Amino acid sequence: MPTCRQMTEMASDRVEGHLGVFARLAFDRHLAHCDGCAAYARQLEATLRALGRLPEPEISPGLNQALLDGFGGWSAARPSSPAPRPAPAWRFTPWPVIGAAAALALLLAFARQRSQAPGDWLVGSALAAAALAMAAAAGRFALGGVAAAVAAAVAAALAGGSGPLDAAVGAECLAVELGAAAAVAGGAWLGAGRGPREGVRRVVAAAGVAGALAGDAALEITCRAHGALPHALVFHGGGVLLVALAAATLLSARPASGR
């Protein structure tokens, strides 16, 4: 059974015949036991009957024209909304590509050991290509690029076999990926820092993700524990995931007004 508060909300629909069958039965059952709601319903019915006997209001032609003229003058006096600013044309930005390629080259050049297995070089080359592709598309980088980067890192990690989770080596691998991401993102920010803020955010986010993938590509060739699936998932894939989350946060941030 509805409460008295609900009865006041249902009263207009009941009087006008808009309640469903079960709601109407519950309404009438409440009225039979509540004098206050019954009096309220009677007053509402009397009010509606009285309003129904009132004549329709008439507006003179002169008043109607005056209202139309007043609305026309108000509409003409309103300031016109500014035309939407055209989206800036996408331009290729070389800084993320240069940074990702440099990070990959330096990590390989100064590595203490390099794998001789063709499969490792194949997976590393695929990750490097993905990193450079994302860096090249920095001006159009969006959340889809973040997901693609994580997917590429996880796919590369799954190519490993069984083995232990080496925490000591893992800390080095994580530092390599985060350091590469920070270096490439910082270089891209310095190179594109004078552009529109939205564009700079995209470039920096793409550069960070590209740097992490470049680090992952180098680790696929230089990390002595990359063949262990737990290690590759936690530290190689996890490093890219951390950078991807930071990039997603940067891309989702609201642009500051005024620029």
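In case you missed it, the structure is sitting above this.
Below, the structure is looked at part by part. (Residues numbered from 1 in each chain as written. Predicted model: local features only at pLDDT ≥ 70, side-chain atom pairs only at ≥ 80, totals over all residues. Heavy atoms only, no water.)

## Let's talk about the overall build of the protein
- A count of helical and extended segments in the protein gives 10 helices and zero strands.
- Here the protein holds 259 residues, and 33% of them are scored as buried.
- Long-range contacts, defined here as pairs at least 24 residues apart, represent 83% of the contacts in the protein between residues at least 6 apart.
- Accessible surface computed for the protein: about 15600 Å², of which carbon and sulfur atoms make up 64%. (Helix = DSSP H or I, 4+ residues; strand = E, 2+ residues; numbered from the N terminus. Buried < 20%, exposed > 50% of the residue type's maximum accessible area, 1.4 Å probe, protein only. Contact = heavy atoms within 4.5 Å. Areas by Shrake-Rupley, 256 points an atom, 1.4 Å probe, with all protein chains shown as cover.)

## A few points about the packing of helix 9 (residues 197-222) against helix 10 (residues 229-252)
- Across the interface, helix 9 lies against helix 10 with an axial gap of 9 Å and an inter-helix angle of 175°. As judged from the angle between their axes, helix 9 and helix 10 are roughly antiparallel. Every residue of helix 10 that contacts helix 9 at Arg201, Arg202, Val204, Ala205, Gly208, Val209, Ala212, Leu213, Asp216 and Leu219 is listed here: His236, Val240, Val243, Ala244, Ala247, Leu250 and Leu251.
- Residue composition of the contact of helix 9 with helix 10, by class: 12 nonpolar, two polar and three charged. (Axes fitted to C-alpha atoms, helices over the stretch in contact; angles between N-to-C directions. Parallel < 35°, antiparallel > 145°, perpendicular 65-115°, else oblique. Nonpolar A, V, L, I, M, F, W, Y, C, P; charged D, E, K, R; others polar.)

## Quick notes on the nonpolar core
- Judged by nonpolar contacts, the single largest core of 34 residues is most densely connected at Leu104, Phe141, Val146, Val209 and Leu213.
- Elements represented by at least two residues in this core include exactly helix 5 (94-109), helix 6 (118-136), helix 7 (143-157), helix 8 (167-192), helix 9 and helix 10.
- With 11 residues, helix 9 is the single largest residue contributor to this core.
- Excluding its chain neighbours within four sequence positions, the residues that come into contact with Val209 are Met134, Phe141, Ala149, Val243, Ala244 and Ala247.
- The next biggest cluster of nonpolar side chains, apart from the first, holds eight residues, and it includes Met7, Met10, Ala11 and Leu19. (Core = buried A, V, L, I, M, F, W, Y, C linked by side-chain atoms within 4.5 Å.)

## Some words on the environment of Val204
- Among the secondary structure elements, Val204 is positioned in helix 9.
- For Val204, a relative accessible area of 17% gives the class buried.
- The sequence separation of Val204 and Trp189 amounts to 15 residues, and the corresponding C-alpha distance is 5.8 Å.

From the geometry alone we can't say anything about function, so treat these as descriptive.
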